[in-house]
Structures are given as structure tokens and as C-alpha cells.
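# An overview of the molecular structure
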Amino acid sequence: MVAGYLAARIPFDRFTAAGLTVVAATLAFGLLGFVDDYIKVRRQRSLGLGKAAKFLGQAGIAILFGLAAVGLVDDLHADAISELSFARGLGLELGLFFFAFAFLLLSATANAVNLTDGLDGLASGSSAMVLAAYVIVSFWQFRHSCQVVDPACYPIQVQSAQDLAIVASGGMGAVAGFLWWNAAPARIFMGDTGSLALGGLVGALAIMTSTQLLLVVLGGLFVLETASVIVQVFTFRLFRRRVFRMAPIHHHFELMGWPEFTVIVRFWVLCGLAVATGLGIFYADFLARGGID
């Protein structure tokens with residue numbers, strides 16, 4: 001991803017702070033995942049970093065990302081970036097709560113992709129679709145700027161929107177190339193290094209493009225996977241009963257007798273439907289606001 005982004009930005013004076021901030025967040029989450037994977041391999045055990053270490057690591061990355069977004073990045077509208085947003089800003093200023101929200105969004109997305117990474121190609125194929133959606137969203141913000149009539153309608157300048165489109169396309173291309181070897185039966189596995197990086201990338205793009213809550217729709221498959229784990233844990237601790245044969249939910253269908261490839265392809269279909277719905281909502285919002293070019 002980084003190589004593709006750098007190649008697309010030659011000469012290097014074409015970088016924007018928004019794009020670099022998203023890339024930095026992606027690398028930071030990937031580094032956190034790498035440490036987790038390294039501990040697992042080094043100590044020959046299935047447990048890597050403890051929950052507290054992961055929490056602190058993700059919180060630190062989120063805070064630094066939030067500071068960069070609202071204070072250190074000069075091509076962002078700080079008031080707009082810290083607004084709660086759906087297809088674009090909703091006008092609800094989060095203030096200091098933005099940092100808590102950024103942590104919630106980034107960590108939730110990173111861990112959701114990590115939970116989805118349980119079958120060959122499932123997380124990588126789904127992430128490629130969501131990143132493809134963010135190529136469209138960010139490029140649309142670049143080509144159809146509403147800043148002529150409302151300077152704060154998007155949190156970023158049009159040049160930064162183009163840069164984010166390149167970041168998203170670099171991530172999509174990298175994941176698509178990885179999927180060639182990760183498809184069942186997989187020869188290469190992403191581990192926490194890849195899954196946390198992908199989740200961090202998607203979450204950072206959602207914040208920078210002012211589509212924070214729209215990510216819940218675009219990443220509907222990741223939401224489904226995470227919700228299945230939450231429901232399973234909650235019902236078992238409260239009632240000592242399991243709703244699913246195994247969580248995340250893709251394992252439930254495996255235990256029901258579905259072949260692995262069938263589960264993967266059907267979940268890809270669900271992901272594609274979620275992405276199409278999210279893009280439809282984004283475009284409908286554009287039309288509802290007058291379709292400004």
C-alpha cells in the first residue's frame with residue numbers, strides 16, 4: 001500500500017497532511033499487530049499482547065490520530081472533522097469527546113476486521129470491497145466539491161480528498177494482490193499485522209472523509225461478525241447458553257455443515273450488498289443536497 005501511494009505521489013511535494021495521517025495510522029496499527037504476532041511466534045503460543053497492552057496501544061494511536069486530524073493537519077477544517085457525521089457532517093460538534101469517539105471507531109474497526117479474519121480470504125476480500133467504496137467516496141468528494149457554497153461541508157480540501165482516494169486505492173490494490181495468495185486454500189496469512197492495519201485504514205478513512213457512521217453500513221459484514229461475538233459472550237455469561245454453535249458467526253455456519261468456500265463466498269455477497277447500500281446512501285445524500293458540482 002505504502003509503495004503504491006508513494007509511486008502515485010511522485011514528485012513527493014504532492015503529499016497532503018490528510019493522506020499522510022491516514023497512512024501513519026495504518027502503519028501504527030500494523031506495527032501493533034506485528035508486535036502481537038511476533039510474541040505469538042517467539043513464545044510459541046496462541047496469546048500475544050495482553051488485553052491491557054492492546055487497549056493502551058490502540059488508545060495511543062487513536063489519540064495521536066485525533067490530534068493530527070484536528071490540530072496538526074493544516075488542510076483540515078478542524079470544526080468539521082470533529083463533528084459527528086453520517087454521509088457528511090451532522091452539525092453535532094463532539095469537542096473533546098471526538099478523541100474518545102476516534103478511539104471507539106478505530107479500535108472497533110481494527111478488532112472487527114481481526115475477528116473476521118477466521119477463514120481464508122474472508123477478511124481480505126471484504127476489506128477490498130470496503131476500500132473500493134472509500135476510493136469512490138473520497139474521489140467523489142474531490143470531483144464534486146460543495147465547498148464553493150459551504151467551506152465546511154467536507155472536513156478536507158479537495159486536494160486532500162484526491163490524496164485519500166489514492167491512499168484507499170493503494171490499500172485496495174495491496175489487499176487484492178494479497179487475496180490472490182490468501183484465497184482458500186491460503187498460502188499466506190495476514191495475521192494481526194494485516195487485520196489491524198486494514199481496520200485502522202478503513203476507520204481512519206471514515207473519519208477523514210466525514211463518513212463515520214456510514215462505515216457501519218459499508219462495513220456491515222464486520223458489524224455482523226462483531227455483534228455475533230458480543231451476543232455469544234453476553235448470553236453465555238448471563239444465561240449459560242450459546243446462541244451460536246461458535247462465534248464469530250462464520251464458524252457457526254461451518255459447524256452447520258456449510259463448506260468453507262461456501263461460507264466465504266456468501267459472506268462476500270453480504271459484504272457487497274452492504275457496500276452497495278452504503279454507496280447508495282452516500283449518493284442519495286449528494287442528490288438530496290442539490291447535487292452540487
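Quick summary incoming for the structure in this document.

Calculation rules
- Residues numbered from 1 in each chain as written.
- Predicted model: local features only at pLDDT ≥ 70, side-chain atom pairs only at ≥ 80, totals over all residues.
- Heavy atoms only, no water.
- Phe/Tyr/Trp six-rings, centres within 6.5 Å; stacked < 30°, edge-to-face > 60°.
- Helix = DSSP H or I, 4+ residues; strand = E, 2+ residues; numbered from the N terminus.
- Buried < 20%, exposed > 50% of the residue type's maximum accessible area, 1.4 Å probe, protein only.
- Lys NZ or Arg CZ within 6 Å of the ring centre and 35° of its normal.
- Expected span 1.5 Å × (residues − 1).
- Contact = heavy atoms within 4.5 Å.

Counted according to the given criterion, the structure contains nine aromatic pairs. Ring plane angle 90 degrees and centroid distance 5.6 Å describe the contact between W140 and Y283, whose orientation is recorded as edge-to-face. Taken together, the residues span a long stretch of sequence, with W140 in helix α6 (residues 122-143) and Y283 in helix α12 (residues 260-288) at a distance of 143 residues. Of the residues examined, W140 reaches a relative accessible area of 24% and is grouped as partly exposed. Residue Y283 is classed as partly exposed on the basis of its relative accessible area, which comes to 40%. Following the ring pairs from residue to residue traces out a cluster consisting of W140, Y283 and F286. Residue placement shows R266 over the ring face of W258; its charged tip is 4.6 Å from the ring centre.

To continue, consider helix α8 (residues 191-208). Turn by turn, an α-helix covers 3.6 residues, leaving residues three or four places apart pointing in a common direction. The end-to-end C-alpha distance of α8 is 26 Å, a good match for the 26 Å that 18 residues give at a rise of 1.5 Å each. Most of α8 sits inside the fold, with 15 of its 18 residues counted as buried. Count one or two residues on from α8 and you reach S210, which has phi positive near 60 degrees.

Moving on, we come to the side chain of S138. Locating S138 in the fold gives a position in helix α6. When its relative accessible area of 0% is taken as the criterion, S138 is described as buried. Ignoring any residue separated from it by four or fewer positions in sequence, one finds S138 in contact with A161, L164, A165 and T209.

All we've got here are geometric facts, nothing functional implied.
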